[in-house]
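Geometric and topological summary
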Amino acid sequence: MDMSTDVAHVARHEAERALMGARGRTPATPTSAHGEYLTFRLGAEEYGIDILRVQEIRSYEQPTRIANAPSFLKGVVNLRGVIVPIIDLRVKLGCESADFNAFTVVIVLNIRGRVVGAVVDSVSDVMELSHDLIKPAPAMNAVVDMSYVTGIANVGDRMLILMDIQALMSAADMGLIEAMG
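As a convention, each chain's residues are numbered from 1 in the sequence order in which they are written. Whole-chain, interface and lining totals are the exception, using all residues; otherwise, since this is a predicted model, local features are given only for residues with pLDDT of at least 70 and side-chain atom pairs are given and counted only at 80 or more. Water and hydrogen atoms play no part in the side-chain values, which are based on all heavy atoms of the structure.

In this structure, phenylalanine 40 sits in strand β1 (residues 34-42). Separated by 121 residues in sequence, phenylalanine 40 and isoleucine 161 place their C-alpha atoms 9.9 Å apart. Note on definitions: a residue-residue contact is assigned when non-hydrogen atoms from the two residues lie within 4.5 Å. Setting aside chain neighbours within four positions, we find phenylalanine 40 in contact with Glu45, Glu46, Tyr47, Ile49, Leu89, Ile107, Val120, Ser122, Val123, Ser124 and Met163. Each helix corresponds to a stretch of at least 4 residues labelled H or I by DSSP, and each strand to a stretch of at least 2 residues labelled E; elements are numbered beginning at the N terminus.

Between rings of Phe, Tyr and Trp, where Trp is taken as its six-membered ring, a pair exists when centres lie within 6.5 Å; planes separated by under 30 degrees are stacked, by over 60 edge-to-face, and by other angles tilted. Under the defined criterion, the tally for this structure stands at two aromatic pairs. Taking 5.7 Å as the distance between ring centres and 15 degrees as the angle between the ring planes, the aromatic pair formed by phenylalanine 40 and tyrosine 47 counts as stacked. Judged by relative accessible area, phenylalanine 40 falls into the buried class, the value being 1%. Between buried and exposed lies partly exposed: a residue is buried under 20% and exposed over 50% of the maximum accessible area for its type, with that area taken using a 1.4 Å probe on protein chains only. By relative accessible area, which is 10% here, tyrosine 47 ends up buried. Seen from their ring centres, tyrosine 60 and phenylalanine 100 are 4.4 Å apart, and the 25 degrees between their planes marks the pair as stacked. Here the residue tyrosine 60 occupies a position in the loop between β3 (54-59) and β4 (73-79), and phenylalanine 100 occupies one in the loop between α2 (89-92) and β6 (105-111), the gap between them amounting to 40 residues. The exposure class of phenylalanine 100 is partly exposed, given its relative accessible area of 38%. Above the ring of phenylalanine 100, the side-chain terminus of arginine 90 is found at 4.5 Å from the ring centroid. Charge-over-ring placement is defined geometrically: NZ (Lys) or CZ (Arg) within 6 Å of the ring centre, and within 35 degrees of the ring normal. Across the ring face of phenylalanine 72, the terminal group of lysine 92 is positioned such that the distance to the ring centre comes to 5.1 Å.

Okay, the pattern of salt bridges next. Just to be clear on terms, a salt bridge is a Lys or Arg side-chain nitrogen sitting within 4 Å of an Asp or Glu carboxyl oxygen. In total, this model carries nine salt bridges according to the counting rule given. The partner of arginine 58 in a salt bridge is glutamate 56, with the nearest N and O atoms 3.7 Å apart. The class for arginine 58 is partly exposed, based on a relative accessible area of 25%. We note a salt bridge from arginine 58 to glutamate 61, for which the minimum N-O separation is 3.2 Å. Residue glutamate 61 is classed as partly exposed on the basis of its relative accessible area of 39%. Taken together, the shared-partner salt bridges in this structure form one network comprising Arg41, Glu46, Asp125 and Arg158.

What follows deals with the sheet that holds strand β7 (residues 114-120). The pairing criterion for strands is at least two bridges between them, as found by DSSP. On the basis of which strands lie adjacent, the open sheet formed by five strands has the order β3-β6-β7-β5-β4 and mixed pairing. In this open sheet, the two edge strands, each paired with only one partner strand, are β3 and β4. Within the sheet, the average angular offset between the axes of one strand and its neighbour, ignoring direction, is 30 degrees. Of the strand pairs in this sheet, β3 and β6 are connected by five bridges, and their pairing is antiparallel. Considered in β6, the bridge of valine 54 is made with leucine 109. Whenever a helix is involved, its axis is fitted only over the stretch in contact; in every case the axis is a line through C-alpha atoms, and angles between N-to-C directions fall within 0 to 180 degrees.

Bringing empty space enclosed by the protein into the picture now. Of the two site types, the cavity is a set of points on a 1 Å grid over the protein atoms alone where a 1.4 Å probe fits but cannot get out, and the pocket is an open set with protein on both sides within 12 Å along at least five of seven lines, each lined by residues with an atom within 4 Å of a point. Grid points are joined across faces, edges and corners, and a volume is the space filled by probe spheres set on the points. In total, this model carries one cavity of 30 Å³ or more according to the counting rule given. Approximately 60 Å³ is the volume found for the largest cavity. In terms of lining residues, the largest cavity is bounded by Arg58, Ser59, Glu61, Val77, Leu79, Val84, Ile86, Val106 and Val108. Classification convention: Asp, Glu, Lys, Arg as charged; Ala, Val, Leu, Ile, Met, Phe, Trp, Tyr, Cys, Pro as nonpolar; all other residues, Gly among them, as polar. Looking at the lining of the largest cavity residue by residue, the classes come out as six nonpolar, one polar and two charged.

Quick look at the confidence of the model for the protein now. pLDDT measures how confident the predictor is about each residue, on a scale from 0 to 100. Within the protein, residue pLDDT values average 80, and 74% of them lie at 70 or more. The spread of mean pLDDT over the elements of the protein runs between helix α1 (residues 3-24), the lowest at 49, and β3, the highest at 96. Counting contacts from residues 1-11, a segment whose pLDDT is below 50, to residues more than four positions away or on other chains yields seven contacts.

Shown next, in the form of structure tokens:
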């Protein structure tokens, strides 16, 4: 195992350990003054998603491509008998493209009972954020879609973009999950 593979393995292990620790604690309710977020990187930006949506974190493996799929749908993988669509969040969110490397991971999500994978550059950690650290997303004009951004958190010198991953993955243009009626 080379040094970068070893470092990536340790980073994934630490994120998995933090995820398991978060699952062992009492989950935050929607009306609570805080929440737990899995943080990850897409390019230079750091994002956070609700830890309760995360099922597991896996190493990136090349998915089987589906013909005529949109560019953000990398394909599908077989995860213990379940066919899981793999979405590249870098492409979906219009980030600069990045190379797939030893740090690239797939965050396996459970969205409305459906399992979906999201490719990210790397996973950072699980953070508990109090309500006073989270500021509302800035108002933008109609050209910028901020509907999936739930807030911005400043933690030390880190700025986290908090996103509603369930709303993003459930969007009609994704074609993954039927609209709730």
